[in-house]
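Descriptive analysis of the structure
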Amino acid sequence: MNEYLTIIVRSSAVYFFMVIALRLFGKKELSQLNTADVILILLISNSVQNAMVGNNTSLWGGLAAASVLFCINFILKKLMFRYPKFSDFMQEKPEILIHNGHLDFKTLSKLNITSDELKESMREQGIEHFNEVKLAMLEIDGNISIISGNTHLKKTYHKRKHNHKNLNI
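Below, the structure is looked at part by part. Keep in mind that this is a model prediction, so the values were computed, not measured.

What counts as what
Residues numbered from 1 in each chain as written. Predicted model: local features only at pLDDT ≥ 70, side-chain atom pairs only at ≥ 80, totals over all residues. Heavy atoms only, no water. Patch = residues over 30% accessible without salt bridge, like charges linked within 9 Å, V, L, I, M, F, W, Y side chains within 5 Å. Areas by Shrake-Rupley, 256 points an atom, 1.4 Å probe, with all protein chains shown as cover. Salt bridge = Lys/Arg side-chain N within 4 Å of Asp/Glu carboxyl O. Helix = DSSP H or I, 4+ residues; strand = E, 2+ residues; numbered from the N terminus. Buried < 20%, exposed > 50% of the residue type's maximum accessible area, 1.4 Å probe, protein only. Pairing = 2+ DSSP bridges. Contact = heavy atoms within 4.5 Å. Axes fitted to C-alpha atoms, helices over the stretch in contact; angles between N-to-C directions.

**Some points on a nonpolar patch on the surface**
Judged by side-chain polarity, Phe74, Ile75, Leu79 and Tyr83 come together as a nonpolar surface patch covering roughly 400 Å² of accessible area. Here Phe74 is to be found in helix 4 (residues 59-82). Its relative accessible area of 52% is what places Phe74 among the exposed residues.

**Details of the pairing of strand 1 (residues 95-99)**
Within strand 1, four of the five residues are buried, which leaves it mostly tucked inside the rest of the structure. With four bridges connecting them, strand 1 and strand 3 (residues 133-138) associate as antiparallel partners. Across the sheet, the residue bridging to Ile96 is Met137, located in strand 3. Across two bridges, strand 1 lies against strand 2 (residues 102-103) in antiparallel orientation. Looking at strand 2, one finds that His99 is bridged to His102. Once strand 1 ends, the chain turns through two residues before running back antiparallel as strand 2, passing Asn100 with a positive phi of about 50°.

**Looking at the sheet that holds strand 1**
Pairing is antiparallel across the open sheet formed by four strands, whose spatial order is 2-1-3-4. The open sheet is flanked by strand 2 and strand 4 (144-148), the only strands paired with a single partner. With respect to the sheet, helix 7 (residues 115-124) is in contact with strand 1, strand 2, strand 3 and strand 4, its orientation differing from that of strand 4 by roughly 55°.

And the structure:
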């Protein structure tokens, strides 16, 4: 049993390390994967495997590590749903990249988003020029969402209320 407790502790430590690392390196890294990013993810998973299970290469050791990772992930998602401040800490906020055709160069620079990446997202939506974009945002999952059209968008700020008691889920 002590061997499995070690796996639980080690797997938890690796999970929280990865959460912190992804938080530090930014949400853009989650969805904008290139070949080097995929290789990095594969190498990280291989390098942390031994850190989680140690010398235990048994089926039960692997299942214990995987179970811990699923449980931690489930608990964190529940905590993020229930406690907005914890969610704010764990996740970055969406960022406006383009508003009514005007690029926010400061935000783009801060997020290390190149014009080529932005243009690629625009082409995926069938948009050719920046001035056709009414709103482009880097979402919390790392995707860039784009709204285009003829209407002029007003810049407003809305804070979602986190009163989950009234929701029928």
